[in-house]
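An overview of the molecular structure
In case you want the letters, here they are:
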Amino acid sequence: MEVKLQNRLKDLRVEKGYTQQFMADYLGYSGVSGYSELERNGDNIDLKKAIKLSKLFDVEINEIFLPQEYK
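The residue numbering used here restarts from 1 in each chain and proceeds along that chain's sequence as written. Totals for whole chains, interfaces and linings use every residue, but because this is a predicted model, local features are given only for residues with pLDDT of at least 70 and side-chain atom pairs only at 80 or more, for both listing and counting. Calculated side-chain values reflect all of the structure's heavy atoms, with hydrogen atoms and water omitted.

1. Describing the overall build of the protein chain
For the record, the criterion: Secondary structure is summarised from DSSP: a helix means a run of H or I of at least four residues, a strand means a run of E of at least two, and numbering begins at the N terminus for each. Buried residues are those whose accessible area, probed at 1.4 Å on protein chains only, stays under 20% of the maximum for their type, while exposed residues exceed 50% and partly exposed ones sit between those limits. Contacts were defined at the residue level, with two residues in contact if any of their heavy atoms lie within 4.5 Å. Per-residue and other accessible areas were derived by the Shrake-Rupley procedure at a 1.4 Å probe size, with only the shown protein chains allowed to occlude residues.
Regarding its fold elements, the protein chain presents 5 helices and 2 strands. Beginning at the N terminus, the succession of helices and strands in the protein chain can be written as β-α-α-α-α-α-β. Burial statistics for the protein chain: of 71 residues in total, 31% are counted as buried. Residue pairs in contact within the protein chain that sit at least 24 positions apart in sequence constitute 60% of those at least 6 positions apart. Surface summary for the protein chain: the accessible area is close to 4,800 Å², and the carbon and sulfur share equals 48%.

Pasting the structure below:
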C-alpha cells in the first residue's frame, strides 16, 4: 500500500525566510530543481536529508512529512 505524505517543506521554508537556493545548498543539491522537486513531492527523501531538515527547522521529522490520513 502506497502512503501519500503531506509535505510541509514550503510552509516551513517560507516561515523561516529561506530561499529555495539556500535549501538546495544546505541539503547538497547541485541546483535548485532537486530541492524544488522535494517540496513538490517529498516521498523520495532520504533519512539523512530528513534529519538535516528536522534540525534546521527545529521540528520532528513527522511534523515535516506526515501521512495525509493523520492531518
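More follows now that the structure is in view.
2. Looking at a nonpolar patch on the surface
Filter applied, for reference: A patch consists of residues whose relative accessible area exceeds 30% and which take part in no salt bridge; residues with like charges are grouped when within 9 Å of each other, and nonpolar side chains (Val, Leu, Ile, Met, Phe, Trp, Tyr) when within 5 Å. Here a salt bridge means any side-chain nitrogen of Lys or Arg lying within 4 Å of a carboxyl oxygen belonging to Asp or Glu.
Taken together, Leu47, Ile51 and Ile61 make up a surface patch of nonpolar side chains, about 250 Å² in accessible area. With respect to the helices and strands, the residue Ile61 is situated in helix α5 (residues 61–64). The exposure class assigned to Ile61 is partly exposed, which follows from its relative accessible area of 30%.

3. So, the confidence of the model for the protein chain
Note the cut-off: A score between 0 and 100, pLDDT records how confident the predictor is in each residue.
Averaged over every residue, the pLDDT of the protein chain is 84; residues scoring 70 or more account for 83%. For the protein chain, strand β1 (residues 5–7) is the element with the lowest average pLDDT, namely 65, and helix α2 (residues 20–27) is the one with the highest, namely 96.

4. Digging into helix α3 (residues 32–40)
Helical periodicity: at 3.6 residues per turn, an α-helix aligns residues three or four positions apart in one direction. Put simply, the rule is: Within this analysis, the arc is defined by the directions that extend from the helix axis to the C-beta atoms.
Buried residues of α3: Tyr35, Ser36, Leu38 and Glu39, and no others. Burial along α3 is one-sided: seen end-on, the buried residues are contained in an arc of 155°. In α3, those exposed residues whose orientation departs by more than 90 degrees from the buried face are Ser33 and Arg40.

5. As for the packing of α2 against helix α4 (residues 47–57)
Short version of the rule: Here, axes are lines fitted to C-alpha atoms. For helices the fit covers the stretch in contact, and angles between N-to-C directions go from 0 to 180 degrees. Our angle categories are set so that under 35 degrees counts as roughly parallel, over 145 as roughly antiparallel, 65 to 115 as roughly perpendicular, and the remainder as oblique. Crossings are classed by handedness, with left-handed meaning an anticlockwise turn of the near helix from the far one by less than a right angle and right-handed meaning a clockwise turn. Each residue receives one of three labels: charged for Asp, Glu, Lys and Arg, nonpolar for Ala, Val, Leu, Ile, Met, Phe, Trp, Tyr, Cys and Pro, and polar for the others, Gly being one of them.
Running from amino to carboxyl end, α2 crosses α4 at an angle of 125°, the nearest separation of the two axes being 10 Å. It follows that α2 is oblique to α4 by the angle criterion. The way α2 lies across α4 gives a crossing that is right-handed. Residue-level contacts link Phe22, Met23, Tyr26 and Leu27 of α2 to Lys49, Lys52, Leu53, Leu56 and Phe57 of α4. Split into classes, the residues belonging to the contact of α2 with α4 amount to 7 nonpolar, no polar and 2 charged.

6. Some details on the environment of Ile45
Residue position: Ile45 is located in the loop between α3 and α4. Excluding residues within four positions of it along the chain, Ile45 makes contact with Leu38, Ala50, Leu53 and Phe65.

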